[in-house]
Amino acid sequence: LSINPSTACQLACPNCETGNGTMTRPATNLAPSLHAHMLASVVDELFVIRYFGTGESLLNKKFPELMQEIKGKEIFTFMTTNLSFRFTDNQIDEILLSGINLIGVSLDGITQESYARYRVNGEHDLVVGNMLRLIQRRDELGLKYPLVEWRFLVFKHNEHEIETVRKLATEFKVDLLEFAEGFAPIDDPGAPVQRLKKFDVR
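Only a predicted model underlies this, so the values are computations on that prediction, with no experimental measurement involved.

Chemist: Please explain the pairing of strand E6 (residues 176–181) as it appears in this structure.
Modeler: When a strand is regular, its side chains alternate between the sheet's two faces. Alignment of strand E5 (residues 147–154) against E6, held across six bridges, turns out to be parallel. Among the inter-strand pairings, Phe152 is bridged to a residue of E6, identified as Phe179. Handedness of the β-α-β unit built from E5, helix H6 (residues 162–172) and E6 comes out right-handed.

Chemist: When you look at the sheet that holds E5 in this model, what are you seeing that I'm missing?
Modeler: Strand pairing in a sheet is mediated by backbone hydrogen bonds. Such pairs are either parallel or antiparallel. Taken in spatial order, the six strands make up an open sheet running E1-E2-E3-E4-E5-E6, and their pairing is parallel. Across the chains shown, the open sheet's two edge strands, defined by having one partner strand only, are strand E1 (2–3) and E6.

Chemist: Would you mind showing me how to read the pairing of strand E2 (residues 48–51) here?
Modeler: Burial along E2 is one-sided: Ile49 and Tyr51 are buried, while Val48 and Arg50, pointing the other way, are not. One ladder, built from two bridges, connects E1 with E2; its direction is parallel. Bridge pairing in E2 places Ser2 opposite Arg50. Between the parallel pair E1 and E2, the chain is carried across by helix H1 (residues 32–40), and the sense of this crossover is right-handed. Bridge count for E2 against strand E3 (residues 76–81) is four bridges, and the pairing is parallel. Residue pairing across strands places Arg50 opposite Phe78, the latter belonging to E3. In this region the chain leaves E2, passes through helix H2 (residues 63–68) and returns to the parallel neighbour E3; the handedness of that crossover is right-handed.

Chemist: Sorry if this is basic, but what is going on with the packing of helix H3 (residues 89–96) against helix H5 (residues 124–140) here?
Modeler: How two helices sit against one another is set out by the angle between their axes and by the gap between those axes. It is at 10 Å that the axes of H3 and H5 come closest, and there the two elements cross at 70°. By the angle between their directions, the pair H3 and H5 is classed as roughly perpendicular. As for how H3 packs across H5, the hand of that crossing is right-handed. Between H3 and H5, the contacting residues are Asp89, Ile92, Asp93, Ile95 and Leu96 on the first element and Arg133, Leu134, Arg137 and Arg138 on the second. When grouped by side-chain class, the residues that make up the contact of H3 with H5 number four nonpolar, no polar and five charged.

Reading the values: the criteria
- Per chain, residue numbering runs from 1 following the sequence as it is written.
- For this predicted model, a pLDDT threshold of at least 70 governs which residues receive local features, and a threshold of 80 or more governs which side-chain atom pairs are given and counted, while totals over whole chains, interfaces and linings are taken from all residues.
- As a rule here, side-chain values cover all heavy atoms of the structure and leave hydrogens and water aside.
- The criterion for strand pairing is that DSSP finds at least two bridges linking the strands in question.
- Helix and strand assignments come from DSSP, with helices taken as H or I runs of at least 4 residues and strands as E runs of at least 2, each series counted from the N terminus.
- A clockwise course of the path from the first strand over the helix to the second, judged with the strands pointing away from the viewer, identifies a crossover as right-handed.
- Relative accessibility thresholds used throughout: buried, under 20% of the residue-type maximum; exposed, over 50%; partly exposed, between the two (1.4 Å probe, protein chains only).
- Every axis corresponds to a line fitted to the C-alpha atoms, with the helix fit spanning only the stretch in contact, and the corresponding angles, defined between N-to-C directions, vary from 0 to 180 degrees.
- Relative orientations are named as follows: roughly parallel for angles under 35 degrees, roughly antiparallel for angles over 145 degrees, roughly perpendicular for angles from 65 to 115 degrees, and oblique for any other angle.
- Note on convention: the crossing is left-handed when the near helix lies turned anticlockwise from the far helix by less than a right angle, right-handed when the turn is clockwise.
- The contact rule is simple, with two residues in contact once any of their heavy atoms fall within 4.5 Å.
- As a working rule, the residues Ala, Val, Leu, Ile, Met, Phe, Trp, Tyr, Cys and Pro are called nonpolar, Asp, Glu, Lys and Arg charged, and the rest polar, with Gly in that last group.

What follows is the structure, given as structure tokens:
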């Protein structure tokens, strides 16, 4: 099951309907009551729930509350987030203790310049710091989950960073590293980012 906790986002990614303003329905956050209603008839059949869609999940301040509906169920839950927030220590703990099994962090660059080509309005160093805080605090709490994944969209402008990302992923002690093809025009010189003509990160 795929569930969208929020249809809002604080970033302005050029090829995202929410970020570029082409999404026509108004932005909103999923209420815990509606979330419970959605799960009521299917929760015992589910084995995976993906918390991500057209917005930034953690803009929904009740995200930890949504997760309470699933505690005790044999369901693997994962989310993706841009993680470009100024979290308090308490907010970091709330995320870690919510019950989410995997957090995918969208971080598509090793410098502010390359990262912000796509993640417009995002703060590279803030995202890296938050990712490290999640890993360190999870280990301090003795938690097995959530796993922390570094998700890197590959475009023409950041393809050369792949090997450095591999090294940094080991240094940062992330649990998983994923390279995915970034969606963008291929040969439009006026586009802020461009897709690779051939995607291969072996």
